[in-house]
Amino acid sequence: MSNPDSTAGLVHATEGGWRVPGIANLHSHAFQRAMAGLAERQTHPEDSFWTWREIMYRFAARMDPDSTYAVATQLYAEMLEAGYTTVCEFHYVHHQPDGRPYADPAAMSKALIAAARDTGIRMTLLPVLYMTGGFDGRELSARQRRFGHGVEDFLRLHEDLRALQDASLRIGCAFHSLRAVPEAAMREVLAALPTDAPVHIHIAEQVGEVQDSLAVRNARPVEWLLREFPVDRRWTLVHATHLTQEETRGIASSGATVAICPTTEANLGDGLFPLRDYLQAGGRWGIGSDSHVSVSPVEELRWLEYGQRLVTRHRNIAVTAHSPSVGETLLRGVLDSAADATGFGQATDEVLLDAAAPALAGAMADDVVDRWLFAGNRPLVKQVRVAGRTVVSEGRHVEGEAIARRYGETLRRLLRD
Ligand SMILES: [Zn+2]
């Protein structure tokens, strides 16, 4: 049964297929694409996020501007092929491995910007401020040194990057986490930056982080942030996994977006975001592929819903009074947060789904999104246009072969060294 109202603006039948809007990927650490699948062996009986982080640090230590460019172009081409048309790159590997800045302190940022421009994905680059190794203000460890900045150097980097902004590049700002940025530095940076720059922060991903915050600040991370800072639509809280009901309602009423990263959160054993309570409170949210163990909005959205079904032992959780379709509710949620979380406003990028694919046989406008998100594993994205430029044709990025070749050479070199 067709109900044109429920799909208004979401799905359009065109000659070449079903047109749906491009999706914003709200959280990415591009270099981690190179280690996807390489942290799946037990190193300790109590393996956790914290032991994974050691492997991640070893990978981060190998990256330079050239390899960052090669890995990011592969990643961004894969994102476009999957239907992501904007990426928020949460970028903290700024300096040389020993912590000294490159001759051009923005060299790593520029490698990421070049990768975005060459693949055609919109980018909100979020240079990350990273200053301390814990809530107690301890110094960065040797492995963290290449992530670190003082406030002044950080603001200088930010200014240099802002000069590069154009129609496809926005420069936002990220605080790595409350454990990595002292309160005074957060205030200083926010006071110095343009008031329309999106602000992203990792928060409450790990129970250990919540415990440390309670011990040092006598408040949980989200509780503390909402109390101390004017959190509003400009803010994106990444993960926000471990929340009390009060915190859940507090984020929802602030207007901030939560960037949920279901496949990474599952891979790292983080925990499950309380989606049902948050939706009931009217909260805004989007998705991110974060560590890139999966580069697919289909898989992120599918597992966002499936996680809820598994713990509640019910079906069809992500719905609203106006939208009984789970797929459409999920897609609409992602679209509603994108303008503020990316800083691009309403982008008009187009993704064309293959109407000839068996998964869409006999489709009607109001079942296309549910089928796309919940039926099968074959990618259905056929064509993608970003800002009027065709970047994916017949399911492949237009430069995909050359990009994959360079990525292969880079990976062989990185893994050998
Ligand atoms: Zn992250």
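The rules we used
Residues numbered from 1 in each chain as written. Predicted model: local features only at pLDDT ≥ 70, side-chain atom pairs only at ≥ 80, totals over all residues. Heavy atoms only, no water. UniProt positions renumbered as here; feature names shortened; annotations may be inferred. Helix = DSSP H or I, 4+ residues; strand = E, 2+ residues; numbered from the N terminus. Rg over C-alpha atoms; globule rule 2.2 N^0.38 Å. Buried < 20%, exposed > 50% of the residue type's maximum accessible area, 1.4 Å probe, protein only. Contact = heavy atoms within 4.5 Å. Areas by Shrake-Rupley, 256 points an atom, 1.4 Å probe, with all protein chains shown as cover. Lys, Arg positive; Asp, Glu negative; His and termini not counted. Charge placed at Lys NZ, Arg CZ, Asp CG, Glu CD. Donors = N, O, S within 2.8 Å, 3.2 Å for Na, K, Ca; no water. Axes fitted to C-alpha atoms, helices over the stretch in contact; angles between N-to-C directions. Left-handed = near helix turned anticlockwise from the far one by under 90°. Nonpolar A, V, L, I, M, F, W, Y, C, P; charged D, E, K, R; others polar. Phe/Tyr/Trp six-rings, centres within 6.5 Å; stacked < 30°, edge-to-face > 60°. Lys NZ or Arg CZ within 6 Å of the ring centre and 35° of its normal.

With an unreviewed UniProt entry as reference, the chain is termed Formimidoylglutamate deiminase, source organism Pseudoxanthomonas japonensis. Checking UniProt for the chain, the heading Cofactor (unreviewed entry) contains the comment "Zn(2+)".

1. Details of the overall build of the chain
Along the chain, the regular secondary structure elements total 14 helices and 15 strands. Against the compact-globule benchmark of 22 Å for 417 residues, the chain has a radius of gyration of 21 Å, which places it among compact chains. With respect to the principal axes defined by its C-alpha atoms, the chain has extents near 60 × 50 × 45 Å. Put simply, the chain has 417 residues, and 57% of those count as buried. Sequence separation of at least 24 residues holds for 76% of the intrachain contacts in the chain that already meet a minimum separation of 6. With an accessible surface of roughly 17,500 Å², the chain has 49% of that area assigned to carbon and sulfur atoms. Here the chain contributes 43 positive and 53 negative side-chain charges, whose respective centroids are spaced 2 Å apart.

2. What about the coordination of the zinc ion?
Within the protein, the atoms that donate to the zinc ion are His27 (NE2), His29 (NE2) and His202 (NE2), at distances of 2.0 to 2.2 Å. Donor residues for the zinc ion sit on one chain with the sequence pattern H-x1-H-x172-H. Given a relative accessible area of 0%, His27 falls into the buried group. Overall, the relative accessible area of 3% leaves His29 in the buried class.

3. A short note on the packing of helix H2 (residues 65-82) against helix H3 (residues 107-119)
The relative placement of two packed helices comes down to the angle between their axes together with the axis-to-axis distance. Closest axis-to-axis distance for the H2/H3 pair is 8 Å, and the angle between their directions is 35 degrees. The chirality of how H2 crosses H3 is right-handed. Across from Pro65, Thr68, Tyr69, Ala72, Thr73, Tyr76, Ala77 and Leu80 in H2, the residues of H3 making contact are Ala107, Met108, Ala111, Leu112, Ala114, Ala115, Ala116, Asp118 and Thr119. Each residue belonging to the contact of H2 with H3 can be placed in one class, and the counts come to 13 nonpolar, three polar and one charged.

4. Quick look at the packing of aromatic side chains
Under the defined criterion, the tally for this structure stands at 12 aromatic pairs. Considering the side-chain rings of Tyr306 and Phe374, the 5.8 Å spacing of their centres and the 50 degrees angle between planes classify their relative orientation as tilted. On the criterion of sequence distance, the pair formed by Tyr306 in helix H11 (residues 297-312) and Phe374 in helix H13 (residues 368-374) is long-range, its members being 68 residues apart. Accessibility expressed as a relative area gives 25% for Tyr306, which makes it partly exposed. Residue class for Phe374 comes out partly exposed when judged on its relative accessible area of 22%. Through a chain of ring-to-ring contacts, three or more aromatic side chains come together here, namely Phe31, Tyr57, Tyr92, Tyr130 and Phe147. Taking the ring centre of Phe374 as reference, the NZ or CZ of Arg309 above it sits at 5.6 Å.

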